[in-house]
Amino acid sequence: MINPRMGLAFTSTTLLVLLLVLGRSKGQMEEEEKLKGVTPPSKRCLCELQNLGAAFPWQEFQIVHSFSSNCTQTFSKQEFIEVDSLLASLYYRLQNLEKDVKDFEADFDTGLYSVISLRIIEIELTEISSLLLKLNQTSHNKKALLDNLTPQMQTMADKLEEIKQFDRMHVVKRQQESKRLKRSLKECEVKLEATPAPVTTPAPGNCPFGRLLNITGPNSFMVTQYSTSYPYGAWGMDPKPAPGKEDRHWLVILTSSNVFGNYIRMYNSHSDLVAAKQVEDITVTSSTTITNSIMGPGSVIYNNAYYYNCYSSSLVCRFDLTYKNISTMELPGAGSSNSFPYCQPSSCFLYTDIDLATDESGLWVIYTSKAKFGNVILSRLDANNLTLLQTWYTSLQKKIITNAFMACGVLYATRFIDSSYDEVFYSFDTTTGVERSNLAFPFKKMSTNIQHLNYNPRNRMLYVYNDAYILSYQAVFG
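Residues numbered from 1 in each chain as written. Predicted model: local features only at pLDDT ≥ 70, side-chain atom pairs only at ≥ 80, totals over all residues. Heavy atoms only, no water.

(A) Representation of the pairing of strand β10 (residues 305-310). Most of β10 is tucked away: six of the six residues are buried. Direction of pairing for strand β9 (residues 294-302) relative to β10: antiparallel, over a ladder of five bridges. Looking across to β10, one finds that Tyr-302 is bridged to Ala-305. Hairpin connection from β9 to β10: two residues lie between these consecutive antiparallel strands, with Asn-303 at a positive phi of about 55 degrees. Relative to strand β11 (residues 315-320), β10 runs antiparallel, the two being bridged by five bridges. Following the sheet pairing, Ala-305 is matched in β11 by Asp-320. Where β10 hands over to β11, the hairpin turn is made up of four residues, of which Ser-312 adopts a positive phi near 50 degrees. (Buried < 20%, exposed > 50% of the residue type's maximum accessible area, 1.4 Å probe, protein only. Helix = DSSP H or I, 4+ residues; strand = E, 2+ residues; numbered from the N terminus. Pairing = 2+ DSSP bridges.)

(B) Layout of the state of the cysteines. Taken as a whole, this structure holds two disulfides when the rule is applied. Across a sulfur-sulfur distance of 1.9 Å, Cys-310 and Cys-317 are joined as a disulfide pair. The sign of the S-S torsion, about 125 degrees, decides the handedness of the disulfide formed by Cys-310 and Cys-317: right-handed. Cys-317 shares its class with Cys-310; the two are buried. A sulfur-sulfur distance of 1.9 Å marks the disulfide that ties Cys-343 to Cys-348. Looking down the S-S bond of the Cys-343 and Cys-348 bridge, the torsion is 90 degrees, so its handedness is right-handed. (Disulfide = S-S within 2.5 Å.)

(C) A look at the sheet that holds strand β26 (residues 469-477). An order of β3-β26-β25-β24 is seen for the four strands of this open sheet, with the pairing classed as antiparallel. The open sheet has two edge strands, β3 (212-223) and β24 (452-456), and neither has a second partner. Taken over all neighbouring pairs, the strand axes of this sheet differ in orientation by 20 degrees on average, direction set aside. Of the pairings in the sheet, the one linking strand β25 (residues 461-466) to β26 comprises six bridges and is antiparallel in character. When the sheet's bridge partners are listed, Asn-466 is paired in β26 with Tyr-469. (Axes fitted to C-alpha atoms, helices over the stretch in contact; angles between N-to-C directions.)

(D) Fine view of the packing of aromatic side chains. Going through the model one piece at a time under the given rule, you end up with 11 aromatic pairs. A centroid spacing of 6.1 Å and a plane angle of 65 degrees characterise the contact between Tyr-455 and Phe-477, whose relative ring orientation is edge-to-face. Within this pair, whereas Tyr-455 is found in strand β24, its partner Phe-477 is found in strand β26, the two being separated by 22 residues in sequence. Residue classification places Phe-477 among the buried positions, given a relative accessible area of 13%. (Phe/Tyr/Trp six-rings, centres within 6.5 Å; stacked < 30°, edge-to-face > 60°.)

Next comes the structure, spelled out in structure tokens:
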């Protein structure tokens with residue numbers, strides 16, 4: 001219907017409402033305007049709006065939102081990581097204790113047990129007691145906090161249910177239904193998988209158990225049987241051992257000028273290493289200063305072969321532990337013989353130019369060259385053929401870091417904090433090429449300098465040679 005005077009279009013329903021309003025108020029309006037001396041216009045419409053629904057409880061919403069934020073801050077992610085770290089350390093200690101007790105029982109049966117074996121068990125029990133104390137204290141604190149928060153959370157849940165009534169378009173309800181459907185779909189997809197996915201070597205940068213979150217420990221520490229006479233060396237376990245040699249530990253001491261060596265010490269177990277018994281010395285070369293003898297502490301054992309920097313060169317040597325033969329490869333342009341060592345603020349570590357490393361995807365070498373102005377170069381090696389598979393270049397200066405290691409295809413570097421602590425501060429992901437220098441994973445050391453640092457993917461442990469001390473740490477992922 002069209003009003004010719006006003007030129008407006010109304011539906012019949014709208015017009016009816018307006019007529020009712022006009023009919024009710026027209027006389028009153030004219031009277032009022034006459035009294036005021038105002039000439040009323042020919043046509044005028046008035047509308048009254050009244051919200052018949054309940055007002056949205058904005059203050060209640062603010063209280064719930066504030067409580068949610070405070071609750072999130074109270075239960076921080078770091079606190080859960082701390083509990084996970086304690087549990088991981090406890091699990092590792094219990095495994096060690098079980099093994100040490102078995103070794104002691106075997107030695108006792110043969111009459112070869114010693115006070116050292118009992119001392120090892122005593123140390124393990126002390127560490128386990130300490131970890132249990134920390135866990136109990138942490139659990140007690142969390143329980144008290146939870147008891148305090150539970151009634152508040154229930155009150156907030158009730159308030160939230162009241163606020164949901166104002167969701168007249170059912171947005172929240174539909175979101176919840178969508179989440180439930182997604183969960184059900186995911187469960188259905190898992191059940192429909194006929195066979196599990198084949199076991200494959202994880203690609204660099206794709207860690208099956210998450211990213212590095214922390215380093216705990218040291219879980220074990222001792223000075224070598226040579227006391228502090230030889231501050232340079234390396235030690236660890238084979239990440240890919242030969243059958244029957246899963247518990248074997250190795251130790252290399254650089255006996256000549258803290259730089260050169262020519263033999264590897266093998267121990268059947270960690271207990272044997274501590275007790276310095278059942279030692280097998282494997283000779284690599286006849287002398288410490290001849291072609292292919294060991295130079296520097298950056299060595300590893302992988303798949304029953306020993307990899308190291310060859311004497312007075314930029315070559316990588318591979319010594320087969322079964323057949324006792326040596327093969328070599330050249331690192332093109334690599335700096336060696338103290339050209340680009342690892343350093344701390346007051347000094348550098350002798351002959352740490354070429355550093356071998358292991359992780360889930362195999363064998364790596366960390367080095368640099370003049371062509372790259374001393375920035376760290378990372379290469380993945382074919383462990384059997386001793387050839388370069390792939391190379392990455394970083395922006396990290398090698399001389400500003402104290403050491404480096406690989407884990408899940410990610411390069412991690414450490415820096416000097418003080419005489420008691422170093423810190424993992426840098427990472428380079430070989431999959432994405434992303435570099436980060438804002439990590440902060442400090443770890444305690446027994447002495448000032450770290451000469452050797454390597455990660456073992458089999459037990460996720462870091463093995464450290466620290467001024468004649470040999471230490472192990474737990475790498476925590478998640």
